[in-house]
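Each chain, letter by letter, is given below.
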Amino acid sequence: MPSNDLLNRFIFDDCDIRGELVTLNKSYQEILEHNIYPPAIQMLLGEFLAAVGLLSSTLKFDGMIILQARGDGVISTIMAECNHHNNIRGIVRLNDEAELTETLAQNGSMLDLLGKGVLFITIEPKRTENFAGKLERYQGIVPLEQETLAGCLEDYFQQSEQLATRLWFAADGEHASGLLIQALPHQLKKNAEENEQHWETIEALADTITPEELVALEHEQILYRLFNEHPVRIFEPRPVSFACSCSRKRSESALIALGKDEVEQLLLEKGSIDIDCQFCNQHYHFTPEEVRILLGGNVLH
Ligand SMILES: [Zn+2]
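Residues numbered from 1 in each chain as written. Predicted model: local features only at pLDDT ≥ 70, side-chain atom pairs only at ≥ 80, totals over all residues. Heavy atoms only, no water.

Asks: Break down the coordination of the zinc ion for me, with residues and values.
Replies: Ideal donor angles around a metal are set by the shape: a four-donor tetrahedron calls for 109.5 degrees, a six-donor octahedron for 90 or 180 degrees. With distances of 2.2 to 2.3 Å, the protein atoms coordinating the zinc ion are Cys244 (SG), Cys246 (SG), Cys277 (SG) and Cys280 (SG). Of note is the zinc ion, whose 4 donor atoms meet at the metal with angles of 105 to 114° in an arrangement that counts as tetrahedral. (Donors = N, O, S within 2.8 Å, 3.2 Å for Na, K, Ca; no water. Tetrahedral: all angles 85-135°; square planar, octahedral: opposite > 155°, others 65-115°.)

Below is the structure:
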């Protein structure tokens, strides 16, 4: 059985390259249970979830990393996020006007499903009352010009960090896995040519991973299978789990943000207000009395 719901960091002892491996199983299953998606979209969401798992290793403070793609294809939005506790969640929104053909539903690639669009990589520091605004929110944007998510993220790393980075993803509706390798700023090897050679060797070895191996093998087995001639150090795994960040308090804030007029209109139409979280299907119900208290007692006398 593969290392389920775990994120593993590894480094090479003989060259300046780091890596991450992630395999999601239960967390991925729980996310798929909340919404029904065709197979190709399940796979793509699996890749997005594995990707935020891998990218969460770059978080340097408490907060969240959000990966979101928007396009004009059958998928209008796909997003996955992971916080510093390695809680992940994700969702896909479909474009009602685009036709989801059987071929797309079964085998559509990221580009087939999203069409023309962009990928947003957002790093959102955790907002606390004392530290609000101290850390900047960062957003990187890359056009969807590559066939795969891995290709787009490689473009992103090239632009934003100028560190050579390669990624591989695989998902089968049950497991979603990802592998990342990244060249680090030179420490062990000062010779640029030697560094380049090391990178090429490790990259070529990593590139022999098959999607079947990536989802089915234990992380240690993957590292042995790929790099058994190189000294690799693997660190303690970090558990990844599905958890939704929605709450009644957040729903209250959303109602307040909506404004008194809108909320009054909703109450007039429906008698009460119901908010459903699309990530986890949690239901939040507000009676007119609760809404009145929430908005300061100034509505619906
Ligand atoms: Zn939720």
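From this point, the narrative continues.
Asks: Run through the environment of Ile123, naming residues and quoting values.
Replies: If you trace the backbone, Ile123 turns up in strand 6 (residues 117-125). Not counting residues within four places of it along the chain, the set of residues in contact with Ile123 comprises Leu59, Phe61, Met64, Ile65, Glu136, Arg137 and Tyr138. (Helix = DSSP H or I, 4+ residues; strand = E, 2+ residues; numbered from the N terminus. Contact = heavy atoms within 4.5 Å.)

Asks: Got a sec to walk through the pairing of strand 8 (residues 165-171)? Specific residues and values, please.
Replies: For strand 8, the buried fraction is high: 7 of the 7 residues fall into the buried class. Taking every second residue as pointing to the same face, both faces of strand 8 are buried, with Thr165, Leu167, Phe169 and Ala171 on one and Arg166, Trp168 and Ala170 on the other. Inspection of the sheet shows strand 8 paired to strand 9 (residues 176-183) by 7 bridges, in the antiparallel sense. Of the residues in strand 9, the one forming a bridge with Trp168 is Leu179. Adjacent in sequence and paired antiparallel, strand 8 and strand 9 are bridged by 4 residues, among which Gly173 carries a positive phi angle near 85°. (Buried < 20%, exposed > 50% of the residue type's maximum accessible area, 1.4 Å probe, protein only. Pairing = 2+ DSSP bridges.)

Asks: I'd like to hear about the pattern of salt bridges, residue by residue, with values.
Replies: What the rule picks out here adds up to 12 salt bridges. One salt bridge in this structure joins Arg166 and Glu154, with 3.0 Å as the shortest N-O distance. Of this pair, Arg166 sits in strand 8 while Glu154 sits in helix 5 (residues 149-160), and the two are 12 residues apart along the sequence. Residue Arg166 pairs with Asp207 through a salt bridge whose shortest N-O separation is 3.7 Å. With Arg166 in strand 8 and Asp207 in the loop between helix 6 (192-206) and helix 7 (211-216), this residue pair connects regions lying 41 residues apart in the sequence. (Salt bridge = Lys/Arg side-chain N within 4 Å of Asp/Glu carboxyl O.)

Asks: Requested: an account of the sheet that holds strand 7 (residues 138-143), with residues and values cited.
Replies: Hydrogen bonding along the main chain pairs the strands of a sheet, whether they run parallel or antiparallel. Ordered by their spatial adjacency, 6 strands build an open sheet running 7-6-3-4-5-12, and the pairing between neighbours is mixed. Strands with a single pairing partner mark the edges of an open sheet, and in this sheet they are strand 7 and strand 12 (241-242). Of the strand pairs in this sheet, strand 3 (residues 63-71) and strand 4 (residues 75-83) are connected by 7 bridges, and their pairing is antiparallel. The partner of Ile65 across the bridge, within strand 4, is Cys82. Contacts from helix 2 (residues 39-55) reach strand 3, strand 4, strand 5 (87-94) and strand 6, with the element oriented near 35° to strand 4. (Axes fitted to C-alpha atoms, helices over the stretch in contact; angles between N-to-C directions.)

Asks: Summarise helix 6; cite the residues concerned and give the values.
Replies: Relative to the 21 Å expected for 15 residues at 1.5 Å per residue, helix 6 spans 21 Å between its end C-alpha atoms, a close match to the ideal helical length. In this structure, the buried residues of helix 6 make contact with strand 1 (6-12), strand 2 (17-24), strand 8, strand 9 and helix 8 (219-227). (Expected span 1.5 Å × (residues − 1).)

Asks: An account of the pairing of strand 9 is requested, with residue identities and associated values reported.
Replies: Remark: a regular strand shows side chains that alternate across the two faces of the sheet. Counting buried positions over the 8 residues of strand 9 gives 8, a clear majority of the element. Of the two faces of strand 9, the one holding Ala176, Gly178, Leu180 and Gln182 and the one holding Ser177, Leu179, Ile181 and Ala183 are both buried throughout. Examined bridge by bridge, strand 2 and strand 9 share 8 bridges and lie antiparallel to one another. What sits directly across from Thr23, in strand 9, is Ser177.

Nothing here speaks to function; it is geometry throughout.
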